[in-house]
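Chain and residue survey
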Amino acid sequence: MSRHADSKLDPSAEEIRRWGDAAVGWMAEYLHCVRELRVYPETTSRDIRERLDEELPTESLPFLKVLDTFREVVVPATRQNAHPRMFGYVQAPGTAIAALADLLASTLNANLTAWRSTPAAVEIERLTIDWVKQIIGFNADAAGLFVSGGSMANFAGLAAARRAKAPDELMRKGAQAFPRALRIYASEETHHSVAKAAAMLGIGSDNVRYVAVDERFRIRIDDLEAKINEDVAAGHLPICIVGNAGTVNTGACDSLEQVSETARRFGLWMHVDGSYGGFATLAPSARACLAGIERADSISLDPHKWLYLPVDCGCVLYRDPETARATFAHEAEYTRVIAQQADEAFAVWDYGPELSRRFRALKVWMLLTSVGVRAVGESIEKDLACARHLESLVRASDDFEMLAPVELSIFCFRYVPAGLKGGPEEQLDAFNERLLVALQRDGSSYLSNARIHGRFALRGCVMNYRTTHRDMEILLMDLRRLAATL
Ligand SMILES: Cc1ncc(COP(=O)(O)O)c(C=O)c1O
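Here the structure is a predicted model, which is why all the values come from computation and not from measurement.

Brief notes about the overall build of the protein
Along its length, the protein carries 17 helices and 11 strands. Computed over the C-alpha atoms, the radius of gyration of the protein is 24 Å, within 12% of the 23 Å expected from 2.2 N^0.38 for a compact globule of 486 residues. Expressed as lengths along the three principal axes of its C-alpha atoms, the size of the protein is roughly 75 × 55 × 45 Å. Sequence-distant contacts, at least 24 apart, represent 73% of the contacts inside the protein between residues at least 6 apart.

This is the structure we're talking about:
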């Protein structure tokens, strides 16, 4: 390689500082004024490509020019997830500290495969996993690691369930080694990543049995037990119950104490999907809803949700480290850990699906140390209060109605224009669908949608330390303003 090419890949300290100043300068400005931006861009795929398309670059462009394109083309054509009225899906805003931590993690480029690969980084992961266990009130001896997100955490938890409860030939010889269907039970409100994990694990998505829910969208224990008994009588092998600590549609929390009791009586693995709601244990007013989470055999959590971190950072905890190890450990000469003390012989790849892993723990550690869990808990409490504020505004109005109770920070409701009151439900569905599209295009506030008892719902989730009660009021004003134009 020529000296010239080298210097492009390995800039001088002065250049790095200049580029870094420009990038961090943008970051400070952006985070400071994100409230003023449109939540959702007015753009098309064609618009974006017209501004971005270029031949495969053979020669170099100055970094500051590339940064200009990022600022002028990429940023405005992106949904602003840090915006206080971004209520769609389950979306955290990220934090400045965690963004800087990601920069540092990528600079160090630590690869968290095993202790010997990067000793201090692995110790930070172990320490922060211990903190997460304390937050949840989980077994101090449990194992755990950071993964890409809640979907991967559900996959890992269900893989451990299969290892623990199904014959172990299944892992070595495949599904044909065991003729009975393995069965997983979860409420019909459960996130689709559970069925996806069942499909990827060879259990089969049809072998996830969806259990009916009560009026608060919590798993019905009578239906759960009836389905398990039915499956046992039919010769199937029940292996696992998935409990929800905050469902994606309505934020419902299953009665995890009862789920745990049923799992114990039938000898099943209990996995809790706490991807959305798990960290609400930091907020006193949510704790009762999540009681029993600590009884799980495995738990999915998403620091990139209610720890407000930028993607990606999910987390899986396993009560019994040995089962997790038996699920994921594979011997290979290139990964063999040679003669070290137990603590230093630790290999993270023995506990999850990935080998090369970025230093996700750094942003968890930097956030928790520099902000502290008290402030995070207070912010979660504020998010919960914003959702309850919206619920009380809706209940006091005569043009909106709630479609589900607010359990955590998710709210499902709809607009009921005077002309459609008492009319066919299909017309209200169609009207609200149009209203949602109008809101998303308008750019002041952003909601997503859900189906509640078959009806179309406007659905929002408050997960942002910038969101205030006033933002909830603006959301309703935006909807009324747009409804008048439809
Ligand atoms: C309850 C629940 N489980 C799992 C997931 C999947 O998480 P991720 O997007 O991090 O894979 C989500 C995402 O919103 C969720 O709300």
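Once you've had a look at it, read on.
Here's the deal with the site of the ligand
Residues in close proximity to the ligand total 13 residues, the closest being Gly 149, Gly 150, Ser 151, His 191 and Ser 275. For the shell around the ligand, the per-class residue count stands at 3 nonpolar, 8 polar and 2 charged.

Quick look at the packing of helix 16 (residues 425–442) against helix 17 (residues 469–483)
Between helix 16 and helix 17, whose axes approach to 10 Å, the crossing angle comes to 115 degrees. Relative to helix 17, the element helix 16 lies roughly perpendicular. Of the two possible hands of crossing, helix 16 and helix 17 adopt the one that is right-handed. Here helix 16 contributes Leu 435, Ala 438, Leu 439 and Asp 442 to the contact with helix 17, which in turn contributes Asp 478, Leu 479, Leu 482 and Ala 483.

Quick notes on the sheet that holds strand 8 (residues 400–402)
Within the open sheet, the 4 strands sit side by side as 8-9-11-10. Their pairing is antiparallel. The open sheet has two free edges, formed respectively by strand 8 and strand 10 (448–452), since each of these has just one partner strand. The average undirected angle you get between the axes of adjacent strands in this sheet is 45 degrees. Examined bridge by bridge, strand 9 (residues 410–415) and strand 11 (residues 455–461) share 4 bridges and lie antiparallel to one another. Note on strand 11: the bridge partner recorded for Cys 412 is Arg 459.

A short note on the pairing of strand 3 (residues 208–211)
In the sheet, strand 2 (residues 182–187) pairs with strand 3 via 4 bridges, with the strands oriented parallel. Across the sheet, Ser 187 pairs through a bridge with Val 211, a residue of strand 3.

Considering the environment of Tyr 318
Structurally, the position occupied by Tyr 318 is in strand 7 (residues 314–318). Residue Tyr 318 is classed as buried on the basis of its C-beta count, with 29 C-beta atoms lying within 10 Å. For the pair Tyr 318 and Ser 300, spaced 18 residues apart in sequence, the C-alpha to C-alpha distance is 9.3 Å. The residues touching Tyr 318, leaving out its near neighbours within four places in the chain, are Ala 142, Ala 143, Gly 144, Ala 160, Ser 298, Thr 323 and Ala 324.

Here we look at the domain arrangement of the protein
Domain parsing of the protein yields domain 1 (3–36 + 41–78), domain 2 (110–371) and domain 3 (374–483). Of note, the centres of domain 1 and domain 2, computed from C-alpha atoms alone, are 38 Å apart.

Brief notes about the pairing of strand 4 (residues 237–244)
For strand 4, a buried count of 7 out of 8 residues is recorded, marking the element as mostly surrounded by other parts of the structure. Relative to strand 5 (residues 269–274), strand 4 is paired through 5 bridges, and the arrangement is parallel. Among the inter-strand pairings, Asn 244 is bridged to a residue of strand 5, identified as Asp 273. Following the chain from strand 4 across helix 11 (residues 256–266) to the adjacent parallel strand 5, one finds a crossover that is right-handed.

Things to note about helix 14 (residues 360–371)
With 12 residues, helix 14 extends 17 Å from end C-alpha to end C-alpha; this agrees with the ideal 16 Å at 1.5 Å per step. Buried residues of helix 14: Arg 360, Ala 361, Leu 362, Lys 363, Val 364, Met 366, Leu 367 and Leu 368, and no others. The secondary structure elements touched by the buried residues of helix 14 are helix 5 (96–108), helix 6 (119–136), strand 1 (143–147), helix 12 (303–306) and helix 15 (373–396).

Focus on helix 6
Between the first and last C-alpha of helix 6 there are 26 Å, a value that for 18 residues agrees with the 26 Å anticipated at 1.5 Å per step. Listed in full, the buried residues belonging to helix 6 are Ala 121, Val 122, Ile 124, Glu 125, Thr 128, Ile 129, Val 132, Lys 133 and Ile 136. At the C-terminal side of helix 6, Gly 137 shows a positive phi close to 80 degrees.

Focus on the nonpolar core
Of all hydrophobic cores here, the largest spans 134 residues; its most connected members are Leu 158, Ile 184, Ala 198, Cys 240, Ile 241 and Ala 280. No other element matches helix 7 (residues 150–165), which puts 9 residues into this core. Looking at which domains feed residues into this core, each of domain 2 (110–371) and domain 3 (374–483) gives three or more. Setting aside anything within four residues of it in sequence, one finds Ala 198 in contact with Leu 158, Ile 184, Ile 203, Gly 204, Ser 205, Asn 207 and Val 208.

Things to note about the sheet that holds strand 3
Strand order in the open sheet made by the 7 strands is 1-7-6-5-4-2-3, with mixed pairing throughout. Sheet topology places strand 1 and strand 3 at the edges, where each strand pairs with a single neighbour. When strand polarity is set aside, the average angle formed by the axes of neighbouring strands in this sheet is 20 degrees. Both strand 6 (residues 298–301) and strand 7 contribute to a ladder of 4 bridges, which runs antiparallel. From the neighbouring strand, Ser 298 faces strand 7, where its bridge partner is Tyr 318. Each of strand 1, strand 6 and strand 7 touches helix 6; the most contacted strand, strand 1, lies at about 105 degrees to it.

Definitions and cut-offs
Residues numbered from 1 in each chain as written. Predicted model: local features only at pLDDT ≥ 70, side-chain atom pairs only at ≥ 80, totals over all residues. Helix = DSSP H or I, 4+ residues; strand = E, 2+ residues; numbered from the N terminus. Rg over C-alpha atoms; globule rule 2.2 N^0.38 Å. Contact = placed C-beta atoms within 7 Å. Near = placed C-beta within 6 Å. Nonpolar A, V, L, I, M, F, W, Y, C, P; charged D, E, K, R; others polar. Axes fitted to C-alpha atoms, helices over the stretch in contact; angles between N-to-C directions. Parallel < 35°, antiparallel > 145°, perpendicular 65-115°, else oblique. Left-handed = near helix turned anticlockwise from the far one by under 90°. Pairing = 2+ DSSP bridges. Buried ≥ 20, exposed ≤ 12 C-beta atoms within 10 Å, placed from the backbone. Domains from an automatic or database assignment. Right-handed = clockwise from strand over helix to strand, strands pointing away. Expected span 1.5 Å × (residues − 1). Core = buried A, V, L, I, M, F, W, Y, C linked by C-beta atoms within 7 Å.

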